[in-house]
Amino acid sequence: MARQFFVGGNFKMNGSVETIKKIVGYLNDAKLDDNVEVVIAPPTLYLLLAREHLKPGLQIAAQNVFDRPNGAFTGEISVDQLKDSNIKWTLVGHSERRTILREEDDFVAAKTKAALDGGVSVILCIGESLEEREADKTIEVVTKQLKAVSDKISDWSKIVIAYEPIWAIGTGKVASIAQAQEVHAAIRSWLKKEVSEEAAEKTRIIYGGSVSEKNCKDLSTQSDIDGFLVGGASLKPAFVDIINSRL
Ligand code: G3H
């Protein structure tokens, strides 16, 4: 069975009431490829605003979630709160959280488990730094990040893996098609060996890092690239072209 193409838009800490409504408006008005699953991740404060205005069929993700139930955790949001707000996806382990907020593999894995246990699907972000790539450690790093998750969960059916080389994020320096395909294929082999043949066949592995309307078509032709996680370009009308990259 073919994997459904998946395009996520991570707004990061950008937007206002006015601009979020505007971006949602572009998406609502555009003719989007029906075969693509589209999920946008506005900042927490605007999740419900986006939910209220986004047309049916397009989905919303949180950019982060905590691994504990409701309680005394100032500044965090819980899986139950996402569900209560009809938010069915969350990003977990984005490299900005791993590096700036110092989230370790184990914590990312605990959040992944909490989300899945609570019925919220996960866009699990992994990726290597420039230093790690230059030291030829890319596969080692991404498989270590994945192993932390597979130590805690066995069902990968509600996970989309986002491979985002840190050196390509927000830099305009997109991974070459060969570099991206090579890592995606290695992730799929890892899934086959460490999880199951079914997980390897069915899990969407999407690419993130300076994806634009100019490079998305070429990247989308690769057999192991099942979509994109888009940062900067998801705030612009070009996001529609990226969603429609396979048309
Ligand atoms: O989550 C999205 C990625 O961090 C990519 O961001 O498209 O601005 O490079 P970017």
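As a starting point, this report considers the structure included with it. (Residues numbered from 1 in each chain as written. Predicted model: local features only at pLDDT ≥ 70, side-chain atom pairs only at ≥ 80, totals over all residues. Heavy atoms only, no water.)

### Topic: the packing of aromatic side chains
Two aromatic rings, taken as a pair, are described by how far apart their centres are and by the angle between their planes.
Step number 1: Scanning the model with the defined rule gives six aromatic pairs in all.
Step number 2: Between F5 and F228, the aromatic rings sit 5.7 Å apart at their centres with planes inclined by 85 degrees, giving edge-to-face as the arrangement. Remark: F228 occurs in strand β8 (residues 227–230) and F5 occurs in strand β1 (residues 5–10); sequence separation between them is 223 residues. Taken as a pair, F5 and F228 share a single burial class, namely buried. (Phe/Tyr/Trp six-rings, centres within 6.5 Å; stacked < 30°, edge-to-face > 60°. Helix = DSSP H or I, 4+ residues; strand = E, 2+ residues; numbered from the N terminus. Buried < 20%, exposed > 50% of the residue type's maximum accessible area, 1.4 Å probe, protein only.)

### A look at the site of the ligand
Step number 1: Among the 13 residues in the neighbourhood of the ligand, the closest are listed as K12, H94, G170, S210 and G232.
Step number 2: A distance of 3.2 Å separates an oxygen atom of the ligand from a polar atom in the side chain of E164.
Step number 3: With respect to the ligand, the backbone of G231 contributes an N or O atom lying 2.9 Å from an oxygen atom.
Step number 4: Burial of the ligand by the surrounding chains reaches 95%, relative to a free accessible area of 300 Å².
Step number 5: Classifying every residue of the shell around the ligand gives four nonpolar, seven polar and two charged. (Near = heavy atom within 4 Å. Polar contact = N/O pair within 3.5 Å; in protein donor to acceptor, adjacent residues only side chain to side chain. Areas by Shrake-Rupley, 256 points an atom, 1.4 Å probe, with all protein chains shown as cover. Nonpolar A, V, L, I, M, F, W, Y, C, P; charged D, E, K, R; others polar.)

### Remarks on the packing of helix α7 (residues 138–150) against helix α8 (residues 177–194)
Step number 1: The interhelical angle for the contact between α7 and α8, taken along N-to-C directions, is 40 degrees, at an axis separation of 10 Å. With respect to their mutual orientation, α7 and α8 come out oblique. Along this stretch, α7 crosses α8, giving a crossing that reads as right-handed. Where α7 approaches α8, its residues T138, I139, V142, T143, L146, K147 and S150 are matched on the opposing element by V183, A186, I187 and W190.
Step number 2: Each residue belonging to the contact of α7 with α8 can be placed in one class, and the counts come to seven nonpolar, three polar and one charged. (Axes fitted to C-alpha atoms, helices over the stretch in contact; angles between N-to-C directions. Parallel < 35°, antiparallel > 145°, perpendicular 65-115°, else oblique. Left-handed = near helix turned anticlockwise from the far one by under 90°. Contact = heavy atoms within 4.5 Å.)

### Overview of empty space enclosed by the protein
Over the atoms rolls a probe the size of a water molecule, and in doing so it shows where empty space is left.
Step number 1: Applying the stated criterion across every chain, the model contains one cavity of 30 Å³ or more.
Step number 2: When its volume is computed, the largest cavity comes out at roughly 40 Å³.
Step number 3: Elements with a minimum of two residues in the lining of the largest cavity: α4 (95–99) and β5 (121–126).
Step number 4: When its residues are assigned to classes, the lining of the largest cavity shows two nonpolar, four polar and two charged. (1 Å grid on protein atoms, 1.4 Å probe; cavity = no way out; pocket = protein on both sides within 12 Å on 5 of 7 lines; lining within 4 Å. Points joined across faces, edges and corners; volume = space filled by probe spheres on them.)

### Some points on α8
Step number 1: Compared with the 26 Å implied by 1.5 Å per residue over 18 residues, the 25 Å span of α8 between its first and last C-alpha is a close match.
Step number 2: Restricting attention to buried positions, one finds in α8 the residues A180, Q181, V183, H184, I187, R188, W190 and L191. (Expected span 1.5 Å × (residues − 1).)

### Quick notes on the pattern of salt bridges
Step number 1: Counted by the stated rule, this structure contains 17 salt bridges.
Step number 2: A salt bridge links D151 to K147, with the nearest nitrogen and oxygen atoms 2.9 Å apart.
Step number 3: Taking relative accessible area as the criterion, D151 reaches 53% and is therefore assigned exposed.
Step number 4: Accessibility expressed as a relative area gives 41% for K147, which makes it partly exposed.
Step number 5: With a closest N to O distance of 4.0 Å, K214 and E213 form a salt bridge.
Step number 6: The exposure class of K214 is exposed, given its relative accessible area of 71%.
Step number 7: One salt-bridge network, held together by shared partners, links R3, R188, D224 and D226. (Salt bridge = Lys/Arg side-chain N within 4 Å of Asp/Glu carboxyl O.)

### With respect to the nonpolar core
Step number 1: Of all hydrophobic cores here, the largest spans 66 residues; its most connected members are L124, W156, Y207 and F228.
Step number 2: Counting residues in each nonpolar core, the second largest holds twelve residues, with A41, W89, V160 and L229 among its members. (Core = buried A, V, L, I, M, F, W, Y, C linked by side-chain atoms within 4.5 Å.)

### Comments concerning the environment of T44
Step number 1: Relative to the elements of secondary structure, T44 occurs in the loop between β2 (36–41) and α2 (47–53).
Step number 2: A residue is classified by how much of its surface remains accessible, and T44, at 45% relative accessible area, is partly exposed.
Step number 3: Placed 32 residues apart in sequence, T44 and E76 show a C-alpha to C-alpha distance of 9.9 Å.

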